[in-house]
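Fold and contact review
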Amino acid sequence: MSLAYRAAGRRRALIVVAALILLIVAAAAVTVRGINETTIGTLALVLIEQASFGHLSLVSDEQSARVLLYLRLPRVVMAIVAGAALSVSGVLMQAITRNPLVSPYTIGVSSAAGFGASIAIMYGVGVQSAGVYFVPMSAFACAMLCAVCVFSLAWWRGMGAQAMILTGIALMYLFSAMTAAVQFVATEEQLARVVHWTFGSLNGVQWDAVGLCAAMLAVILPVMLAKGWQLNALTVAGDDVAQSLGMNVRRLRGTAILLSVVAAAGVISFVGVIGFVGLIGPHLARMIIGGDHRLLLPFAAICGAGLLLAADTVGRLAFSPTVLPVGIVVAFVGVPVFLHLVIARKRETFA
């Protein structure tokens, strides 16, 4: 039994490594695709130039180099980082609630961020002192406020996961209604910006935003990977058994909640409302790799990154030169998967 278990673990680890390699290859392939197509060789030369800090000059076509470096690469890298962060956030939320239907979207974080961005856009357009981070900071603050309300109410009243989800859905509708009210009184310029932001888009992503989101993910993922065994015990056995094993369940749940909300809110603040990635990524990863969080977390990150990268590529190339917002493309995939999850849990939920 032990040998079979180890062999299965090695196979799952190889799946994770193979998926990571496939993601890197896919990212390189889609980076060179577009209206002005380049080659993998040119991309490699651009990366080597940047790695040399400008000491080497290898690319003769300066225009292609600038397109790759300042338009394509930030967009592709942000798609990977954002998809991974949202998927990891979904895994953590599902672990602490022991419910696979929970995601940053279903507990209202995305809608709250949309409202915060709408307020910032409405009152920040034309304000010189607002700065480029005014909208992301407002969206992040509202997303964190929503999460604090949901989880604080759950702890205070001792509610279960189902009640927590219902509370999040209620707040989601509340923030959606407030966003609609902002749109109703906004000017044409403000309305266009608000609608574009709520669609979720990777257009115009800059390297500083990519760096912030990547740094956030680089901290959150290793921290939660170190707690993978504890997440397994909490998810499979519940609070009582986990406490009997010497775990501080309250601290574990609080850490997971904080990091999951920061991951989701941080990404949404820069790229807008993108739903379902935090739901689909963990679900696909769990189907393929199983429920061991020591492998589920990195594999869910890869699945979420691949999903968002594929959705952005479809939206960018399918109707070229028109670019379809990635949030719309993801929704086309997310709705059927979400319905499948609801139907699959019908007996458990309503029995």
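In what follows, the accompanying structure is described. Quantities reported herein were computed from a predicted structural model and do not represent experimental measurements. (Residues numbered from 1 in each chain as written. Predicted model: local features only at pLDDT ≥ 70, side-chain atom pairs only at ≥ 80, totals over all residues. Heavy atoms only, no water.)

What the protein contains, in helices and strands, is 15 helices and zero strands. Burial analysis of the protein (351 residues in total) assigns 48% to the buried set. Put simply, of all contacts in the protein between residues at least 6 apart along the chain, 76% involve residues at least 24 apart. Counting only carbon and sulfur atoms, one obtains 68% of the accessible surface of the protein, whose full area is about 17,200 Å². (Helix = DSSP H or I, 4+ residues; strand = E, 2+ residues; numbered from the N terminus. Buried < 20%, exposed > 50% of the residue type's maximum accessible area, 1.4 Å probe, protein only. Contact = heavy atoms within 4.5 Å. Areas by Shrake-Rupley, 256 points an atom, 1.4 Å probe, with all protein chains shown as cover.)

Grouped together as the largest cluster of nonpolar side chains are 97 residues, with contacts concentrated most on Met78 and Trp197. Top element by residues in this core is helix α3 (residues 62-97). It accounts for 14 residues. If we ignore the near neighbours within four places in the chain, the residues touching Met78 are Gly83, Leu202, Val205, Ala209, Val210, Cys213, Phe270 and Val271. Ranked by size, the runner-up nonpolar core spans seven residues in total, among them Val32, Leu43, Val46 and Leu68. (Core = buried A, V, L, I, M, F, W, Y, C linked by side-chain atoms within 4.5 Å.)

Closest axis-to-axis distance for the α3/helix α9 (residues 228-237) pair is 8 Å, and the angle between their directions is 50°. As far as their axial angle goes, α9 and α3 are oblique. Residue-level inspection shows Leu92, Ala95 and Ile96 of α3 in contact with α9, the latter providing Leu231, Leu234 and Thr235. (Axes fitted to C-alpha atoms, helices over the stretch in contact; angles between N-to-C directions. Parallel < 35°, antiparallel > 145°, perpendicular 65-115°, else oblique.)

With respect to the helices, strands and loops of the structure, Ser138 is situated in helix α5 (residues 134-157). Relative accessible area serves as the criterion here: at 18%, Ser138 is assigned to the buried category. The residues contacting Ser138, other than those within four sequence positions of it, are Gly116, Ala117 and Ala120.

Quick look at helix α8 (residues 207-225) now. The end-to-end C-alpha distance of α8, which contains 19 residues, comes to 27 Å, matching closely the 27 Å that a straight helix rising 1.5 Å per residue would cover. What α8 keeps buried is the set Ala209, Val210, Cys213, Met216, Leu217, Ile220, Leu221 and Met224. Taken end-on, α8 shows its buried residues confined to a sector of 135°, consistent with a single buried face. Opposite the packed face of α8, turned more than 90 degrees from it, sit the exposed residues Ala218 and Val219. Turning to α8, the residues buried within the fold contact α3, α9, α11 (249-271) and α13 (293-317). (Expected span 1.5 Å × (residues − 1). Arc of directions from axis to C-beta.)

Taken as a whole, this structure holds one cavity of 30 Å³ or more when the rule is applied. Looking at the largest cavity, its volume works out to about 40 Å³. Considering the residues around the largest cavity, the lining is formed by Leu86, Ser103, Pro104, Tyr105, Ser110, Ile274, Gly275, Phe276, Val277, Gly278 and Leu279. Looking at the lining of the largest cavity, the element that brings in the most residues is helix α12 (residues 277-289), giving three residues. Its residues assigned to classes, the lining of the largest cavity shows seven nonpolar, four polar and no charged. (1 Å grid on protein atoms, 1.4 Å probe; cavity = no way out; pocket = protein on both sides within 12 Å on 5 of 7 lines; lining within 4 Å. Points joined across faces, edges and corners; volume = space filled by probe spheres on them. Nonpolar A, V, L, I, M, F, W, Y, C, P; charged D, E, K, R; others polar.)

Right, let's talk about the environment of Ala82 for a bit. Residue position: Ala82 is located in helix α3. Classification of Ala82 by relative accessible area gives buried; the value is 0%. Between the C-alpha atoms of Ala82 and Val267, which are 185 residues apart in sequence, the distance is 5.7 Å. When sequence neighbours within four positions are dropped, the list of residues in contact with Ala82 reads Val267 and Leu308.

Our next topic: the pattern of salt bridges. For the structure shown, the criterion picks out two salt bridges. Put simply, Asp312 and Arg75 hold a salt bridge, and the shortest N to O gap is 2.9 Å. Of this pair, Asp312 sits in helix α13 while Arg75 sits in helix α3, and the two are 237 residues apart along the sequence. When its relative accessible area of 2% is taken as the criterion, Asp312 is described as buried. Owing to a relative accessible area of 10%, Arg75 belongs among the buried residues under this scheme. The residue Arg294 makes a salt bridge to Asp292 at a minimum N-O spacing of 2.9 Å. (Salt bridge = Lys/Arg side-chain N within 4 Å of Asp/Glu carboxyl O.)

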